[in-house]
Amino acid sequence: QVQLVESGGGWVQAGGSLRLSCAASGRTFTTYIMGWFRQAPGKEREFVAAIWGSDDTTSYADSVKGRFTISRDNAKTTVYLQMNSLKPEGTDVYYCAGNSGGSIYAKSGYKYWGQGTQVTVSS
């Protein structure tokens, strides 16, 4: 089992920056594609970014390209999401997830999930 714990969420003004962290426990952390998803109240959880475990390949949702950066530190078994130029989109809960061989871009493709960290961007 892989256990994930997100942190770093908070309140920020539009245009500001925030860095989220996802601390992972598990003996096979480096073998997982790790992703970040976000969910607004009453909405479906949507893909934000992913990073491969075997190389430096990353993938981003079109809505965050050029503004967000996903990275990982295998020594610390931690995945990060650097969010810059944040838009006034209200409140979202950001989730860290470990892929289980399914779609990189769909929540159904991920087996392991953290409990989420809330991010509020005000206008």
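Up top is the structure.
Quick summary incoming for the structure in this document. Sequence order sets the numbering: in each chain, residues are counted from 1 along the sequence as written. The model is predicted, so local features are restricted to residues of pLDDT at least 70 and side-chain atom pairs to those at 80 or more, both for listing and for counting; the totals for chains, interfaces and linings are taken over all residues. To obtain the side-chain values, all non-hydrogen atoms of the structure were used and water was disregarded.

1. Notes on the overall build of the protein chain
Secondary structure elements are defined from DSSP: runs of H or I of at least 4 residues count as helices, runs of E of at least 2 residues count as strands, and each element is numbered from the N terminus. What the protein chain contains, in helices and strands, is zero helices and eleven strands. Every radius of gyration here is taken over C-alpha atoms, with the globule rule written as 2.2 Å times N^0.38, N being the number of residues. Relative to the 2.2 N^0.38 estimate, which gives 14 Å for 123 residues, the radius of gyration of the protein chain is 13 Å and therefore close to what a compact globule would have. Throughout this description, buried means an accessible area under 20% of the type-specific maximum (1.4 Å probe, protein chains only), exposed means over 50%, and partly exposed covers the range between. With 123 residues in all, the protein chain has 45% of them scored as buried. Contacts between residues were defined by any pair of non-hydrogen atoms, one from each residue, lying within 4.5 Å. Within the protein chain, counting contacts between residues at least 6 apart in sequence, those at least 24 apart form 56% of the total. Accessible areas in this description were obtained via Shrake-Rupley with a 1.4 Å probe; residue shielding takes into account the shown protein chains only. Summing over all exposed atoms, the protein chain offers an accessible surface of approximately 6400 Å²; the carbon and sulfur share of this is 45%. His residues and chain termini do not enter the charge count, which takes Lys and Arg as positive and Asp and Glu as negative. In this description, the location of a charge corresponds to atom NZ of lysine, CZ of arginine, CG of aspartate or CD of glutamate. Between the centroid of the 12 positive side chains of the protein chain and the centroid of its 9 negative side chains there is a distance of 3 Å.

2. Re unusual backbone geometry
Residues apart from glycine generally show negative phi values, whereas peptide bonds are mostly found in trans. With phi around 45°, Thr 77 is a residue other than glycine that occupies positive phi space. Mapped onto the elements, Thr 77 comes out in the loop between strand 7 (68-73) and strand 8 (78-83). Judged by its relative accessible area of 24%, Thr 77 is partly exposed. The backbone of Ser 85 sits at a positive phi, close to 50°, despite the residue not being glycine. Judged by relative accessible area, Ser 85 falls into the partly exposed class, the value being 41%.

3. Focus: the pattern of salt bridges
Note on definitions: salt bridges are taken to be side-chain nitrogens of Lys or Arg within 4 Å of carboxyl oxygens of Asp or Glu. Enumeration over the complete set of coordinates arrives at four salt bridges. Between Arg 38 and Glu 89 there is a salt bridge, with the nearest N and O atoms lying 3.5 Å from each other. Of the two residues, Arg 38 is situated in strand 4 (residues 34-39) and Glu 89 in the loop between strand 8 and strand 9 (90-99); the sequence distance between them amounts to 51 residues. Using a relative accessible area of 6% as the deciding quantity, one classes Arg 38 as buried. In this structure Glu 89 comes out as partly exposed when scored by relative accessible area, which is 41%.

4. A closer look at the sheet that holds strand 1 (residues 3-7)
What the four strands build is an open sheet, ordered 1-3-8-7; its pairing is antiparallel. Because the sheet does not close on itself, it has two edges, and the strands there are strand 1 and strand 7. Neighbour to neighbour, the strand axes of the sheet diverge by 15° on average, direction disregarded. Across six bridges, strand 7 lies against strand 8 in antiparallel orientation. Each bridged residue has a counterpart across the sheet, and for Phe 68 the counterpart in strand 8 is Met 83. Strand pairing follows a simple DSSP-based rule, namely that at least 2 bridges must link the two strands. Lines fitted to C-alpha atoms define the axes here, with helix axes fitted over just the stretch in contact, and angles between the N-to-C directions of these axes take values from 0 to 180 degrees.

5. Points about the packing of aromatic side chains
Here is the rule: rings of Phe, Tyr and Trp (six-membered ring for Trp) pair when centre to centre is within 6.5 Å. Planes less than 30 degrees apart are stacked, more than 60 are edge-to-face, and the remainder are tilted. Going through the model one piece at a time under the given rule, you end up with seven aromatic pairs. Seen from their ring centres, Phe 37 and Trp 113 are 5.1 Å apart, and the 65° between their planes marks the pair as edge-to-face. Placement of the pair is Phe 37 in strand 4 and Trp 113 in strand 10 (residues 110-113), with a sequence separation of 76 residues. Trp 113 sits in the partly exposed class, given a relative accessible area of 25%. For the ring pair Tyr 95 and Trp 113, a centre distance of 6.4 Å and an interplane angle of 80° mean the geometry is edge-to-face. In this pair, Tyr 95 sits in strand 9 while Trp 113 sits in strand 10, placing the two residues 18 residues apart along the sequence. These aromatic residues form a ring-pair network of at least three members: Phe 37, Phe 47, Tyr 95, Tyr 105, Tyr 110 and Trp 113. Lysine and arginine charges are scored as sitting over a ring when NZ or CZ, respectively, is within 6 Å of the ring centre and within 35 degrees of the ring normal. The ring of Tyr 95 carries Arg 45 above its face, with NZ or CZ at 3.6 Å from the centroid. The residue whose ring lies beneath Arg 45 is Trp 113, and the NZ or CZ to ring-centre distance is 4.8 Å.

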